[in-house]
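Below are the chains, spelled out letter by letter.
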Amino acid sequence: MLKFFLILTCLWTSLTAGPPAWAAEETSVRQNRGKAQEIVVVGKLYCSIKRSLFMSYAGIITSVRTNIGQAVREGEEVARYKLDQLSTLGLYNRVGQLNIRDREFQLANLEHDIKKTEANVRELRRLAQEKLAASENLKQVEEYLQVLQKQRALLQKKLQSEREFAQEDLKVLNHQLGVPLKPGQVPKEAVLKAPMTGHIIYLHPDLKEGGELLQGAPVMTVGSMNPMLLRVQVHEIEMVNMKIGDKAEFTVDSLPGHKYTGQVSRIAWSPTNPQWEQPSYYEVELTVTNPDLTLKEGLRCQVTFLRGK
């Protein structure tokens, strides 16, 4: 009898206690959403376009002409640096075009051999006509001449290809170093140029006169600040009812007292975590105007999607 009474007590407690804490919280959120007809999520702001500039070669900064937050145009000079010795030596091999000079020397020697062989062929033909030379000797020299001519044609093609490659490589170096180059010429200084039009949102802390940056170091990042992008993750239940063009209001945690608006410009078709045992959340992207550049990348936002609007 006591055992039966305890079982009834446990059942009554579980029924009156309601769902677990996590379920109660989820239910409360959905009830509040239902009353207010809105979906509230957390998101972050990002530049609509970003491009980074990296050190093509190691060097010491000699001048800096920009700062964080400054507006720049694509191709604008932002800094200069002096190439280190190792980078300079490596560039000598590229701009010196030593392989082309070696090919040209090979071709010159081959042309000399061909001329001598052609002269031998003419002489042997004359002697053969006068019955002073064997026809077998003439045939061997003629075959050797054909081999040399084929070698010349192949070498000429290789030389042409290497010259074309050298011209394209010189263009690459012009872009990397930011200065016009001529074959065999290595500049003392290289120029860093803005990778796109926008505002500088990041500068390497050592980008200052006398600072040394290694090859591949991220020099700066330039971003497009207007418009900005606001990215949020939305549960599948709310995501299926969203469409491109939907509007939302949001506030920025670090800018209290201000309210902004955005418009849905992209809805992902695959969840951020595809594992079946995990809930599915989809990334939704909103476009936000930012004419006064108040909004910065990385700011945390509280976003409210208004249903039926």
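Computed from a predicted model, the values in this text were never measured in an experiment.

*Asks:* Explain the overall build of the chain to me, please; I cannot follow it from the model alone.
*Replies:* Counting secondary structure elements, the chain contains six helices and 14 strands. Out of the 309 residues in the chain, the part that is buried amounts to 33%. Across the chain, the fraction of contacts at a sequence separation of at least 24, relative to all contacts at a separation of at least 6, is 74%. Total accessible area computed for the chain in this model is approximately 20,000 Å², and 55% of it derives from carbon and sulfur atoms.

*Asks:* What am I meant to see in the pattern of salt bridges here?
*Replies:* For side chains bearing opposite charge, pairing can occur when the charged atoms are close. The tally for this structure, following the rule as stated, stands at 18 salt bridges. Here Lys 259 ties to Glu 249 by a salt bridge, and the two come within 3.8 Å at their closest N and O atoms. Taken together, the residues Lys 259 in strand S12 (residues 255-267) and Glu 249 in strand S11 (residues 247-252) connect sequence positions ten residues apart. Owing to a relative accessible area of 58%, Lys 259 belongs among the exposed residues under this scheme.

*Asks:* How should I be thinking about unusual backbone geometry in this particular structure?
*Replies:* What you tend to see is this: most non-glycine residues have negative phi, and most peptide bonds are trans. The omega angle of the peptide bond from Asn 226 to Pro 227 is 10°, so this bond is cis rather than trans. Inspection of the secondary structure puts Pro 227 in the loop between strand S9 (218-223) and strand S10 (228-235). The backbone of Lys 131 sits at a positive phi, close to 60°, despite the residue not being glycine. Looking at where Lys 131 falls in the secondary structure, it is placed in the loop between helix H4 (98-129) and helix H5 (135-177). Phi is positive for Leu 293, close to 60°, though the residue is something other than glycine. According to the relative accessible area criterion, Leu 293 is partly exposed, its value standing at 25%.

*Asks:* Even after reading the chapter, I still don't get H5, so can you show me in this structure?
*Replies:* Working note: α-helix, 3.6 residues per turn, so residues spaced by three or four point in the same direction. In this model H5 runs 62 Å from its N-terminal to its C-terminal C-alpha over 43 residues, within 8% of the 63 Å that 1.5 Å per residue would give. Considered for burial, the residues of H5 that qualify are Leu 138, Leu 145, Leu 148, Leu 155, Leu 159, Glu 162, Ala 166, Asp 169, Leu 170, Leu 173 and Leu 177. Those residues of H5 that are buried are in contact with strand S5 (77-83), helix H3 (85-95), H4 and strand S6 (189-193). Gly 178, located one to two residues past H5, shows a positive phi value of around 75°.

*Asks:* How should I be thinking about the pairing of strand S7 (residues 198-203) in this particular structure?
*Replies:* Pairing geometry for strand S4 (residues 71-72) and S7, over two bridges, is antiparallel. Across the sheet, residue Val 72 finds its bridge partner in S7, namely Gly 198. In terms of strand pairing, S7 meets S9 through four bridges, oriented antiparallel. Considered in S9, the bridge of Ile 200 is made with Val 222.

*Asks:* Would you explain the confidence of the model for the chain in this entry?
*Replies:* Confidence in the prediction for the chain averages 85 pLDDT; 87% of positions are at 70 or higher. In the model, residues 1-36 has pLDDT below 50 throughout and makes eight contacts with residues more than four positions away in sequence or in other chains.

*Asks:* Where do I start with the sheet that holds strand S3 (residues 59-64) in this structure?
*Replies:* Strand pairs in the sheet, formed through backbone hydrogen bonds, run parallel or antiparallel to each other. A sheet is described by the order of its strands in space; here four strands give the open sequence S6-S5-S3-S8, paired in antiparallel fashion. Both edges of this open sheet fall to S6 and strand S8 (212-213), since each of them pairs with a single strand only.

*Asks:* Sorry, what's going on with H3 here?
*Replies:* Those residues of H3 that fall on the buried side of the exposure criterion are Ser 87, Thr 88, Leu 91 and Val 95. For H3, the angular spread of buried residues about the axis comes to 95°, placing them on one side. Pointing more than 90 degrees away from the buried face of H3 are the exposed residues Gln 85, Leu 86, Leu 89 and Asn 93. Contacts from the buried residues of H3 go to S5 and H5. One or two positions beyond H3, positive phi appears at Gln 97, with a value near 55°.

Thresholds applied
Residues numbered from 1 in each chain as written. Predicted model: local features only at pLDDT ≥ 70, side-chain atom pairs only at ≥ 80, totals over all residues. Heavy atoms only, no water. Helix = DSSP H or I, 4+ residues; strand = E, 2+ residues; numbered from the N terminus. Buried < 20%, exposed > 50% of the residue type's maximum accessible area, 1.4 Å probe, protein only. Contact = heavy atoms within 4.5 Å. Areas by Shrake-Rupley, 256 points an atom, 1.4 Å probe, with all protein chains shown as cover. Salt bridge = Lys/Arg side-chain N within 4 Å of Asp/Glu carboxyl O. Expected span 1.5 Å × (residues − 1). Pairing = 2+ DSSP bridges. pLDDT = per-residue confidence, 0-100. Arc of directions from axis to C-beta.

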